[in-house]
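Understanding the architecture of this molecule
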Amino acid sequence: MNPKNLQIKLLALTLLLCLSQQLIACSLLKKPFQLPPSAKQEPWAVQTGLRVNILRDNIPIVNRIVLVPDEATFLAAIQKWNLKGHWPILLEDNKYTPMFIKRFQAAEIVRLPSIKQQLPKGQKLQQLMLNASAAAWNATNTQTLKAKWTELGWEPPGVVITSENDPARIAAVALAADRGQPLVFLEGNFGKPNDTLNQQQWQTLQTAVTTAVESTGYFYSQLGDVIDTITIVRQLAVKYQSPEKPEEQLAVTDGLGRHPNGERWAAAGWIYGSSVRSIYQVMCSIFLDSQTAMLYDSYPKEGSWEKYEMNSASSGLKTLGFDVKLVEQPESSLQKWRTLASKEWEFDLILMNSKGYQKSFQVGNGDALVEDIPKLKFPAAVHMIHSWSAAAPDDKNTVAGRWLENGAYAYVGSVNEPFLSAFIPPKLMVDRLVRSAPFLIASRQLESAPWKIATIGDPLMSIGKPKPRIPPTQQPI
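Here is a short report on the structure shown in this document. (Residues numbered from 1 in each chain as written. Predicted model: local features only at pLDDT ≥ 70, side-chain atom pairs only at ≥ 80, totals over all residues. Heavy atoms only, no water.)

Structural notes on the overall build of the protein
Looking only at helices and strands, the protein has 15 helices and 20 strands in total. A compact globule built from 477 residues should have a C-alpha radius of gyration of about 23 Å, and the protein, at 24 Å, falls within 12% of that. Principal-axis analysis of the C-alpha atoms places the extent of the protein at approximately 100 × 50 × 50 Å. Among the 477 residues that make up the protein, the fraction classed as buried is 58%. For the protein, the share of sequence-separated contacts (at least 6 apart) that also reach a separation of at least 24 residues comes to 77%. A total accessible area of about 20,100 Å² is found for the protein, and carbon and sulfur atoms account for 52% of it. (Helix = DSSP H or I, 4+ residues; strand = E, 2+ residues; numbered from the N terminus. Rg over C-alpha atoms; globule rule 2.2 N^0.38 Å. Buried < 20%, exposed > 50% of the residue type's maximum accessible area, 1.4 Å probe, protein only. Contact = heavy atoms within 4.5 Å. Areas by Shrake-Rupley, 256 points an atom, 1.4 Å probe, with all protein chains shown as cover.)

Structure (structure tokens):
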């Protein structure tokens, strides 16, 4: 062979080898859980929803439901989640579990026997919860979890805060595990769900929550950085005294995630109650699709009320493939409401506007009572433009309390007289949902001072098109 030709071939081979090495290096550097550059141009609320969508693109839903009898078995079961798939796990009961099963329609239902172990207490329990959360990401503890997130390009969109002594604690593990969020612990007495914190108690809670978020080591101080949501999964008061007007109460979930000047750095959600219901709410938020909606518009089409019309929202939801039932004036009336509420509702999303108090709500030409709130066949997310509905959400004889008791897994409502402008018009809210903003974030005024709208549920839960599932055979337990 001609020496010159041999040199040319060797040079070409060397170049080909270098190119192959570069391609291999690029593939190794690929970050599958990282937002694409185009998404960085979106508003922070939309970015937050898009980050959660990335999870579902990379970690599929397995078409099965696992039912367990106790918390210890739940913690053992959730450690079977991994990067190849997640699936619903519920503490089985006779009320919420059947609702979830009917709506999810799993290809497989598995009942696990109790592992018959007592949960440890104190630091050992915290470590067990942290390790169970890490297992979903093929990690063993908090340190290896952070390393895995860095390797994948994942930046946690929020922080989950719970108490080792609270009945909702295991639900916090599931949220942290599925959403890829740090799990931190906040002990202490911050009131019961229907309570109002005084100003000193409020300052203590606010400082404690901010310190808990800081402890994760992630940037959080402005919207659009890394941490943009806070999920409180434990008992605490729904209201706090207004610093300017102590006779007025503001919503704790709207006051958290703020700098001292009131500027927002995160949006908050809140889950509390029994282990059964809190786990149900989390599983609904993670795994259920929304395909049907009830839009009940009791407002007249005039003046400031007209801004809250539901026609535009109905059109927006239809672009997501929703089957929408719209009731508006002059059809909306007390008789119409009671006719509708006489049957179990099968709607995934319920948006309504009304006027009233803690135990009554106007539905057109008359006031409906708590007893007129319909039973739910399927779990639902509820947004209620209405005064006082969430002033005592742990009381089933109030509006919010009854919706939650009946199976609502997310709820937006007011803790006090908020004025109409405190609420987002339905059209704007649906526009945000269509662009992937999560439900509780899309439902609130994002740039106003702390005010009176409470957001109950997972702040990363989105209302969008159905998510694909993989068969159980592809991901054994």
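Next comes the rest of the description.
Description of the nonpolar core
In terms of nonpolar packing, the biggest core is built from 161 residues, with Trp137 and Trp403 touching the most fellow members. In terms of residues, this core owes the most to one element, helix α7 (residues 169–179), which gives eight residues. Aside from chain neighbours lying at most four places away, what touches Trp403 is Trp337, Trp345, Ile350, Met352, Ile373, Pro374, Leu376, Val382, Met384, Ala408 and Tyr411. (Core = buried A, V, L, I, M, F, W, Y, C linked by side-chain atoms within 4.5 Å.)

What about the environment of Ile101?
With respect to the element layout, Ile101 can be found in helix α4 (residues 96–104). Judged by its relative accessible area of 21%, Ile101 is partly exposed. Taking the C-alpha atoms as reference, Ile101 lies 42 Å from Ser304; in sequence the two are 203 residues apart. With sequence-adjacent residues up to four places away left out, Ile101 is seen in contact with Ile65, Leu67 and Ile109.

Overview of the pairing of strand β17 (residues 380–385)
Most of β17 is tucked away, with six of its six residues classed as buried. As defined by bridge partners, strand β14 (residues 349–353) adjoins β17 across five bridges and the pair is classed as parallel. Bridging across to β17, Asn353 finds its partner in Ile385. Note: β17 against strand β18 (residues 408–414), four bridges, orientation parallel. Opposite Val382, over in β18, you have Tyr411 as the bridge partner. Note on the crossover from β17 through helix α13 (residues 399–406) to β18: the handedness is right-handed. (Pairing = 2+ DSSP bridges. Right-handed = clockwise from strand over helix to strand, strands pointing away.)

Digging into the packing of α4 against helix α10 (residues 275–287)
Their axes nearest at 10 Å, the elements α4 and α10 cross at an angle of 10°. Between α4 and α10, the angle falls in the class roughly parallel. Our pair here, α4 against α10, has a crossing hand that is left-handed. Between α4, through Tyr96, Met99, Phe100 and Phe104, and α10, the contact on the second element is made entirely by Val276, Arg277, Tyr280, Met283, Cys284 and Phe287. (Axes fitted to C-alpha atoms, helices over the stretch in contact; angles between N-to-C directions. Parallel < 35°, antiparallel > 145°, perpendicular 65-115°, else oblique. Left-handed = near helix turned anticlockwise from the far one by under 90°.)

Comments concerning the packing of helix α5 (residues 122–135) against α7
In the contact formed by α5 and α7, the axes pass within 8 Å of each other and the chain directions differ by 30°. Comparing their axes, α7 and α5 come out roughly parallel. Classified by chirality, the crossing of α7 by α5 is right-handed. Across from Leu125, Met129, Ala132 and Ser133 in α5, the residues of α7 making contact are Arg169, Val173, Ala176 and Ala177. For the contact of α5 with α7, the per-class residue count stands at six nonpolar, one polar and one charged. (Nonpolar A, V, L, I, M, F, W, Y, C, P; charged D, E, K, R; others polar.)

Considering the sheet that holds strand β3 (residues 89–91)
An order of β3-β2-β4 is seen for the three strands of this open sheet, with the pairing classed as parallel. Two strands lie at the open edges of the sheet, namely β3 and β4 (108–111), each paired on one side alone. Going across the sheet, the axis of each strand differs from the next one's by a mean of 25°, ignoring polarity. Note: strand β2 (residues 64–68) against β3, three bridges, orientation parallel. When the bridges of β3 are listed, Val66 appears paired with Ile89. Along the sheet, helix α3 (residues 71–78) makes contact with β2 and β3, crossing β3 at roughly 175°. The sheet strands contacting α4 are β2, β3 and β4, and the helix crosses β2 at an angle near 170°.

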